[in-house]
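Commentary on secondary and tertiary structure
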Number of protein chains: 2
Amino acid sequence: MSLVDLTGASCPLPVSETEKVTLGHGSGGQLSAELLRDVLLPALGAAAGQGGGVPEDAALLDIEGTAVVMSTDSFVVSPLFFPGGDIGSLSIHGTVNDLAMMGATPLALAIAYVIEEGFELADLRRVTASVGAAASAVGVPVVTGDTKVVGRGAADGIFVTTTGIGRRLPGANVSAAFARPGDVIVVSGPVGSHGTAILSARESLGFDTEITSDSRPLHRLVAAMVAQAGPGIHAMRDPTRGGVASALNEIAAVSGIGIEIDERAVPVPVPVAAACELLGLDPLHVANEGCLVAVTEPAAADALLTVMRSLPEGRHATRLGEVVADHPGRVVMRTLLGGTRIIDMLIGEQLPRIC
Amino acid sequence: MSLVDLTGASCPLPVSETEKVTLGHGSGGQLSAELLRDVLLPALGAAAGQGGGVPEDAALLDIEGTAVVMSTDSFVVSPLFFPGGDIGSLSIHGTVNDLAMMGATPLALAIAYVIEEGFELADLRRVTASVGAAASAVGVPVVTGDTKVVGRGAADGIFVTTTGIGRRLPGANVSAAFARPGDVIVVSGPVGSHGTAILSARESLGFDTEITSDSRPLHRLVAAMVAQAGPGIHAMRDPTRGGVASALNEIAAVSGIGIEIDERAVPVPVPVAAACELLGLDPLHVANEGCLVAVTEPAAADALLTVMRSLPEGRHATRLGEVVADHPGRVVMRTLLGGTRIIDMLIGEQLPRIC
């Protein structure tokens, strides 16, 4: 993700009081945002790019008149291999999707490994083959890389950092800051699968139905969406760490608008819902790696949903809610029981090392 | 560094026989090259970009007619803070220099942290302030970033992965494959300081004279060199992991030429030479983070050295040797005693976690 500066968030565990980095600082939720706002951005000082502090999944650069998008992510998922993917494919999908959320098609990827001494070469081959297969399926080359090895106990197996650059699609003009009252919120597919799959793989919970990560690339879906609706799409976000709740809260905070969603519209697969119930997780806070939320002009919404549903990765696309002028910065859900409840950003750490 | 495919190197510890990743695989020397050639590139398959398998410090891309260079490196140096720098400044210099070695000026950097739970926030601030100061001094923005946190014992403090993109300077046309017989080899300054400084900091060896890392950005030096000699510079390399010996061996292997250097011409500071003697290190294998070797047309060499010496980072630039048609793929040193000795690539690991 890109440099984030969320304002107005209250702080349940002030950075200055912990004085040490906690797992919650890597959650992608409120503590992550505060670490960035209170520690990292002030320390970076004038070197921090991306004016305005708008949180985006990738940075937008102008290179000789070409709109180039750049994104970087480290992947530390545990276990390395899980139902529906592994750290290799995940590292490609995550970065391709961060570029896509800025309306960009990927041009090139760079991969850096930090490997623990003693890591099995067979696993390194398997991870790298997965990187290669995922990149080939996307159609983007891995143009450069790096490998560092640290002693036993100084890392946990392998960490993968993937950086991508892409070219913004003609007509794309999305930003977390561009949501307006009246806009429609759509989601491209079921939510909650990735985080639940990781946790069930980690804990060997043995659910009756195996839950599979939704890890997959979304650049083709985005290309079809942009071709259909162009600048009618105001914002896109892939709800990874922190889930749909955190993605919507970021948009609400940065755009200064309110968001209302319908509980009945949130597409949670039955096994995921059951697992979340058992594990005490809110599916809206669980990480996804293969779906997106988009904020679109109301007039464009129906045609956009039709186009999304024409692709496998958007087959279950649905309308989730709308942008309102009320309660700016807040996300509210109309519950099945007819009430409303505030959907907060994930605060600390729900599931460490989910991606 | 970029994807490397060195051919013809004999293998002292075949990848297939170890079956586990060793520290030597991260050395930047022969084992690293073999890991890439025998494991990583085959596993990546068709997704591996950069045709021809020429080892470069960065990949060269064409984006809408603009020559864009991209490089990624993970930094795992231990200790995090050392005389002359820290992991933050090092991560900026290392990546800026990799871009520079392809004749590029940096445009944007991305930084990804993997942090161990419990890492001191004061240290995180210090590292990040160093990132910011180094990037500001270079004049390149940090446009995007990522932070992941792993549990105690799953990483060692902090690892930093820095990815840079740059624009190739007009007139630059360098490649490790472009060295030709008759070319002159120059080095921009003293060698051996970085690795020796790290080791002395790590071991608290307490040398009489503190040895300071040479960590610094070389993009201004390269810009001046390219402005002076343009395509008369055939190859450039910053001799980081694996040292000057490995950098020259890579050029010799890829260009299919021989290299001869003079022992008396190798600029090793006296304290570095003394420390290497004590520690049993060959200064030619010790990592540097603030000097470069360049291979240039003989007619351009003198003017190039004059320009290099006009900048602080090139003040001690000197002629190291020349490219020959004999013994292709081999680097030979004429010793002080009048004999010759073969300078091999670093084979295994001399100093783990040097960068």
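These numbers were taken from a predicted model, which means no experiment stands behind them.

What counts, and where the lines are drawn
- Residues numbered from 1 in each chain as written.
- Chains lettered and ligands numbered in written order.
- Predicted model: local features only at pLDDT ≥ 70, side-chain atom pairs only at ≥ 80, totals over all residues.
- Heavy atoms only, no water.
- Phe/Tyr/Trp six-rings, centres within 6.5 Å; stacked < 30°, edge-to-face > 60°.
- Lys NZ or Arg CZ within 6 Å of the ring centre and 35° of its normal.
- Contact = heavy atoms within 4.5 Å.
- Buried area = accessible area lost by both parts, 1.4 Å probe.
- Salt bridge = Lys/Arg side-chain N within 4 Å of Asp/Glu carboxyl O.
- pLDDT = per-residue confidence, 0-100.
- Helix = DSSP H or I, 4+ residues; strand = E, 2+ residues; numbered from the N terminus.
- Buried < 20%, exposed > 50% of the residue type's maximum accessible area, 1.4 Å probe, protein only.
- Axes fitted to C-alpha atoms, helices over the stretch in contact; angles between N-to-C directions.
- Parallel < 35°, antiparallel > 145°, perpendicular 65-115°, else oblique.
- Nonpolar A, V, L, I, M, F, W, Y, C, P; charged D, E, K, R; others polar.
- Pairing = 2+ DSSP bridges.

Taken as a whole, this structure holds one aromatic pair over all chains when the rule is applied. One Lys or Arg, A:Arg126, reaches over the ring of A:Phe81 and ends 3.6 Å from the middle of that ring. Looking at B:Lys148, its charged tip hangs above the ring of A:Phe75, at a distance of 5.6 Å from the centre.

Attention shifts here to the interface of chain B and chain A. Counting from both sides, the interface comprises 81 residues of chain B and, opposite them, 81 residues of chain A. The junction of chain B with chain A conceals about 6600 Å² of combined surface from both sides, 67% of it contributed by carbon and sulfur atoms. Counting the surface chain B buries against chain A, the share from its top three residues, B:Val21, B:Leu121 and B:Lys148, is 10%. Our count for the chain B to chain A interface comes out at eight salt bridges.

As a further point, take the confidence of the model for chain A. Low pLDDT means the predicted atomic positions in that stretch should not be read closely. All names here are of chain A. This prediction gives chain A a mean pLDDT of 91; 91% of its residues lie at or above 70. Confidence over residues 1-12 falls short of pLDDT 50; this stretch has 57 contacts with residues more than four positions distant or in other chains. Across the assembled chains, the prediction reports ipTM 0.92 with pTM 0.93.

Next up on the list: the environment of A:Ile342. Residues and elements named next belong to chain A. Inspection of the secondary structure puts Ile342 in strand E14 (residues 340-342). Of the residues examined, Ile342 reaches a relative accessible area of 43% and is grouped as partly exposed. Taking C-alpha positions, Ile342 is 9.9 Å from Ala245, a pair spaced 97 residues apart along the chain. Setting aside its immediate chain neighbours within four residues, Ile342 contacts Arg330, Val331 and Val332.

Remark: helix H2 (residues 30-44) of chain A packs on helix H4 (residues 121-138) of chain B, axes separated minimally by 6 Å, with the N-to-C direction vectors making an angle of 40 degrees. With respect to each other, H2(A) and H4(B) are oriented oblique. Between H2(A), through A:Leu35, A:Val39, A:Leu40, A:Ala43 and A:Leu44, and H4(B), the contact on the second element is made entirely by B:Leu121, B:Leu124, B:Arg125, B:Thr128, B:Ala129, B:Val131 and B:Gly132. Taken together, the residues of the contact of H2(A) with H4(B) sort by class into nine nonpolar, two polar and one charged.

Next up on the list: the pairing of strand E8 (residues 184-187) of chain A. Residues and elements named next belong to chain A. The alternating pattern of E8 places Val184 and Val186 on one face and Ile185 and Val187 on the opposite face, and all of these are buried. In this sheet, strand E11 (residues 293-296) lies alongside E8 in antiparallel orientation, the contact comprising four bridges. Bridge assignment links Val184 to a residue of E11, and that residue is Thr296.

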